[in-house]
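Close look at the chain arrangement
Each chain is listed here by its residues.
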Amino acid sequence: GFYIGRSTTGMFRVGYDTVLPNSNIIKFWYNLNTECKVKLTPNITYYCKPYIIQSGKYIWGSVVSFRTPPITASFSSIQASNVSSTKAQVSCYLTYNSSVKPSKVGMYLEYGSTRRIVGTDTVLPNTKTFKFWYDLTGLTAKTKYVMQPFAVINGTTFMGSKVSFTT
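Residue positions are given per chain, counting from 1 as you read along its sequence in written order. Residue-level local features of this predicted model are given only where pLDDT is at least 70; pairs of side-chain atoms are given and counted only at 80 or more, and the full residue set underlies all totals for whole chains, interfaces and linings. Excluding hydrogens and water, the side-chain figures rest on all heavy atoms present in the structure.

This part takes up the overall build of the protein chain. Here a helix means four or more residues in a row that DSSP labels H or I, a strand means two or more in a row labelled E, and each is numbered from the N terminus. Secondary structure summary: the protein chain contains zero helices and 13 strands in total. Counting helices and strands in the order they occur from the N terminus, the protein chain gives β-β-β-β-β-β-β-β-β-β-β-β-β. Compactness check: the protein chain gives a C-alpha radius of gyration of 25 Å against a globular reference of 15 Å for 167 residues, more than 25% above the reference. Each of the three principal axes of the protein chain carries a C-alpha extent, and together these read 80 × 25 × 20 Å. Burial classification: accessible surface area is computed with a 1.4 Å probe over protein chains only, and a residue below 20% of its type maximum counts as buried, one above 50% as exposed, and the rest as partly exposed. For the protein chain, with 167 residues in total, the buried portion stands at 32%. Residue contacts follow a heavy-atom distance rule, with two residues in contact if any of their heavy atoms lie within 4.5 Å. A separation of at least 24 residues holds for 56% of the contacts in the protein chain among residues at least 6 apart in sequence. In the structure as shown, the protein chain presents an accessible area of about 10,500 Å², 50% of it carried by carbon and sulfur atoms. Distance between charge centroids for the protein chain: 6 Å, based on 18 positive and 5 negative side chains. Each radius of gyration is computed over the set of C-alpha atoms, and the globule rule expresses the reference value as 2.2 Å times the number of residues to the power 0.38. Calculation of accessible area relied on Shrake-Rupley with a 1.4 Å probe; when residues are assessed, cover is drawn exclusively from the protein chains displayed. None of His or the chain ends enter the tally, which takes Lys and Arg as positive and Asp and Glu as negative. Lysine's charge is taken at NZ, arginine's at CZ, aspartate's at CG and glutamate's at CD.

What follows is the structure, given as structure tokens:
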């Protein structure tokens, strides 16, 4: 089996087998997500240490490390369309690299000193790139609005660029 942890002194056992092939070379592996139910955190270094038990004694392998990739999210084509004196449609594309899909996306809208969320979605497609948009009504004529998309992925909020439009 093996131990894993965020430091070489704070490891815990996550995988083990009790029946092994009758060979001098043993290869064993574990899927941390499905078999071991370990949730790895993005952008963290983890340490692993394999072991075998032979004649009641632990024989330890070398400690190896790996770093999980950071989650990235980018917003593109942030725009307002069909803008009139009281209406607009705001939209953008989100691209992310996480195996965990976003739990929420939405759009902030600012005008004057007011900043509010004008739309959110929590049921999202399982694609790494998708478009989301909101139809806004009740806008004030001849007013400058600033929109900014956001996405929440694995508990982290990612913000897009601010883009303005005027009714």
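That was the structure; now back to the text.
Next up on the list: the packing of aromatic side chains. Given two aromatic rings, their pairing is described by the distance between the two centres and the angle made by the two planes. Stacked, tilted and edge-to-face are the three classes applied to pairs of Phe, Tyr and Trp rings, where Trp contributes its six-membered ring and a pair requires centres within 6.5 Å; stacked means planes under 30 degrees apart, edge-to-face means over 60, and tilted covers the rest. For the structure on display, the rule yields eleven aromatic pairs. Aromatic side chains Y46 and F66 sit 5.7 Å apart centroid to centroid with 25° between the ring planes, which places their arrangement in the stacked category. Within this pair, whereas Y46 is found in strand β3 (residues 45-54), its partner F66 is found in strand β5 (residues 64-67), the two being separated by 20 residues in sequence. For Y46, a relative accessible area of 6% gives the class buried. Judged by its relative accessible area of 29%, F66 is partly exposed. In textbook terms, an aromatic cluster arises when at least three aromatic residues are bridged by ring pairs, as seen for Y3, Y51, Y58 and W60. For a lysine, the NZ atom is tested; for an arginine, the CZ atom; a charge sits over a ring if that atom is within 6 Å of the ring centre and within 35 degrees of the ring normal. Over the face of the ring belonging to Y108 we find R115, whose NZ or CZ atom lies 3.9 Å from the ring centre.

By themselves, these observations are geometric and do not establish any function.
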